[in-house]
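Spelled out, the chains give:
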Amino acid sequence: MKRVLSALLALSLVTLLFAGCGEKDTGDKGNVSSGQEATTTIRLGGLKGPTSMGMVKLLSDAEEKKSESQIEFTMAGSADELTPKLLKGELDILAVPANLGAILYNNSEGAVEFLAINTLGVIYITEKGGNTVNSWADLKGKTIYATGKGSTPEYALNYLLQQNGLDPATDVTVEWKSEPTEVVAQMATQDQAIAMLPQPFVTVASTQIADLRVALDLTGEWDKLDNGSQFITAGLIVRREFAEKYPQQLQKFLEEYKASTDYVNQNVEAAAQLVEKYDIVKAPIAQKAIPYCNITYIDGSEMKTALKGYLQVLYDQNPASVGGKLPADDFYYEK
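Residues numbered from 1 in each chain as written. Predicted model: local features only at pLDDT ≥ 70, side-chain atom pairs only at ≥ 80, totals over all residues. Heavy atoms only, no water.

## Details of the pattern of salt bridges
Right, so step 1: As enumerated under the stated definition, the model contains 18 salt bridges in all.
Right, so step 2: Residue D61 is joined to K57 by a salt bridge in which the shortest nitrogen-to-oxygen separation is 2.8 Å. On the criterion of helical spacing, the pair formed by D61 and K57 is a turn pair, its members being 4 residues apart in helix 3 (residues 56-63).
Right, so step 3: For D61, a relative accessible area of 17% gives the class buried.
Right, so step 4: Two residues, E63 and K277, come together in a salt bridge whose shortest N-O distance is 3.6 Å. Within this pair, whereas E63 is found in helix 3, its partner K277 is found in helix 12 (residues 268-277), the two being separated by 214 residues in sequence.
Right, so step 5: A residue is classified by how much of its surface remains accessible, and K277, at 41% relative accessible area, is partly exposed.
Right, so step 6: Salt bridges sharing common partners tie together R43, D92, R239 and E241. (Salt bridge = Lys/Arg side-chain N within 4 Å of Asp/Glu carboxyl O. Helix = DSSP H or I, 4+ residues; strand = E, 2+ residues; numbered from the N terminus. Buried < 20%, exposed > 50% of the residue type's maximum accessible area, 1.4 Å probe, protein only.)

Set out below in structure tokens:
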């Protein structure tokens, strides 16, 4: 979630990679001419953090050959390590920030589809050394340390401040840092401080700052607006070519992915061990963070309504945040 936008806008330079880019399957077998769908290994990419936590049970099952889906997984620290591979046909499905899906759709003339929401909001307003912030009004005149300037954390913060009667430009001071670790370090040096942090860094900070408390949950605050949208962190996107060639396999993958997210939410301790196994975050941190990471699975019409509303909020603040225009209806995958 750190300074994602500037890197994402550069993706327009790789649009030409789609020209003449054919399907690059791994492990194809079966007889397509007989009407039976061929099978292939699904090349899945994910980012370190909550975006990939929900898939760990599926990754484990696939590794142990307990799943129907055959998966080759690629982990990355930033989205710009994965998206060129998707565009070149080297990856099939990605778990990435939701607005990145819209940017890729616009920059590739609709060559990607959004499958499902896999993570709702993971951002929190935290306070050290007091109990002074219990509503948005309490932030007036305060300084907030934060990361994510020019990307979705800033847009979400501005939107919620505005919806609660505050002017982001005059009623609060936001000091932007490049990394969540910088925010935590800044808070540690002060007796009292307010910060906007994503999970799992809220959990990490709580292990270092004894009197840290969560003051506002941005996901819950967004839900209070009751405007049909939701605060969305990330989701699954797929190459349209892959979705059209392997519809049955894609459906089975989505079923198994949903089951994986259910497992993670219902078996936090065991899931935390898998989160560490796949080098996302250490198990003790994962165990504390998972209940606050809003790991989910939302597809179909509910996904479409929620995501459309969220992208509209981003577009209204900065059209570039969704690739210059709102995606057409064919962006939203239908079974």
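## A short note on the sheet that holds strand 7 (residues 173-177)
Picture the strands of a sheet paired through backbone hydrogen bonds; they go either parallel or antiparallel.
Right, so step 1: Overall, mixed pairing links the 5 strands, which are arranged 7-6-8-5-9 in an open sheet. Where the open sheet ends on each side, the last strands, each with one partner, are strand 7 and strand 9 (212-217). With strand direction ignored, the average angle separating the axes of adjacent strands in the sheet is 30°.
Right, so step 2: Bridging between strand 6 (residues 143-147) and strand 7 involves 5 bridges; their strand directions are parallel. Across the sheet, residue T143 finds its bridge partner in strand 7, namely T173. (Pairing = 2+ DSSP bridges. Axes fitted to C-alpha atoms, helices over the stretch in contact; angles between N-to-C directions.)

## Brief notes about the environment of N134
Right, so step 1: Position of N134 among the secondary structure elements: in the loop between strand 5 (123-128) and strand 6.
Right, so step 2: Residue class for N134 comes out partly exposed when judged on its relative accessible area of 46%.
Right, so step 3: Once the C-alpha coordinates of N134 and L216 are considered, the two residues, 82 residues apart in sequence, prove to be 6.9 Å apart.
Right, so step 4: Residues in contact with N134, not counting those within four places in the same chain, are R213 and L216.
Right, so step 5: Only 3.3 Å separates the side chain of N134 from the backbone oxygen of N131, close enough to count as a polar contact. (Contact = heavy atoms within 4.5 Å. Polar contact = N/O pair within 3.5 Å; in protein donor to acceptor, adjacent residues only side chain to side chain.)

## Considering the pairing of strand 4 (residues 112-120)
Side-chain direction in a regular strand flips from residue to residue, so the side chains alternate between the two faces of the sheet.
Right, so step 1: For strand 4, the buried fraction is high: 9 of the 9 residues fall into the buried class.
Right, so step 2: Direction of pairing for strand 4 relative to strand 10 (residues 232-239): antiparallel, over a ladder of 7 bridges. By the bridge assignment for strand 10, I117 is matched with G235.
Right, so step 3: Where strand 4 meets strand 11 (residues 295-298), 2 bridges bridge the pair, whose relative direction is antiparallel.

## Focus: the side chain of N106
Right, so step 1: On the secondary structure map, N106 appears in helix 5 (residues 98-107).
Right, so step 2: Beyond its immediate stretch of four places on either side in the chain, N106 contacts V322, G323 and K325.

## Remarks on the sheet that holds strand 4
Right, so step 1: Strand order in the open sheet formed by 6 strands is 2-1-3-10-4-11, and the pairing between neighbours is mixed. Only two strands of the sheet have a single partner each, and these edge strands are strand 2 (71-76) and strand 11. Averaged over all neighbouring strand pairs, the angle between strand axes comes to 25°, with direction disregarded.
Right, so step 2: Sheet contacts for helix 5: strand 3 (93-97), strand 4 and strand 10; angle to strand 3, the most-contacted strand, approximately 120°.
Right, so step 3: Strand contacts of helix 14 (residues 300-317): strand 4, strand 10 and strand 11, with the helix running at about 85° to strand 4, the strand carrying the most contacts.

## Considerations on the packing of aromatic side chains
Right, so step 1: Summed over the entire model, instances satisfying the criterion amount to 10 aromatic pairs.
Right, so step 2: Judged by centre distance (6.4 Å) and plane angle (45°), the rings of Y257 and Y297 are tilted. Linking Y257 in helix 11 (residues 247-266) with Y297 in strand 11, this pair joins segments that are 40 residues apart in sequence.
Right, so step 3: Ring pairs connect the aromatic residues Y105, F114, F331 and Y332, which therefore count as one cluster. (Phe/Tyr/Trp six-rings, centres within 6.5 Å; stacked < 30°, edge-to-face > 60°.)

## Concerning the packing of helix 11 against helix 12
Right, so step 1: Here helix 11 crosses helix 12 at 115°, and the two axes come no closer than 6 Å. Taking contact as the criterion, the partners of Y263, V264, N265 and Q266 in helix 11 are, on helix 12, V268, A270, A271 and L274.
Right, so step 2: Residue composition of the contact of helix 11 with helix 12, by class: 6 nonpolar, 2 polar and no charged. (Nonpolar A, V, L, I, M, F, W, Y, C, P; charged D, E, K, R; others polar.)

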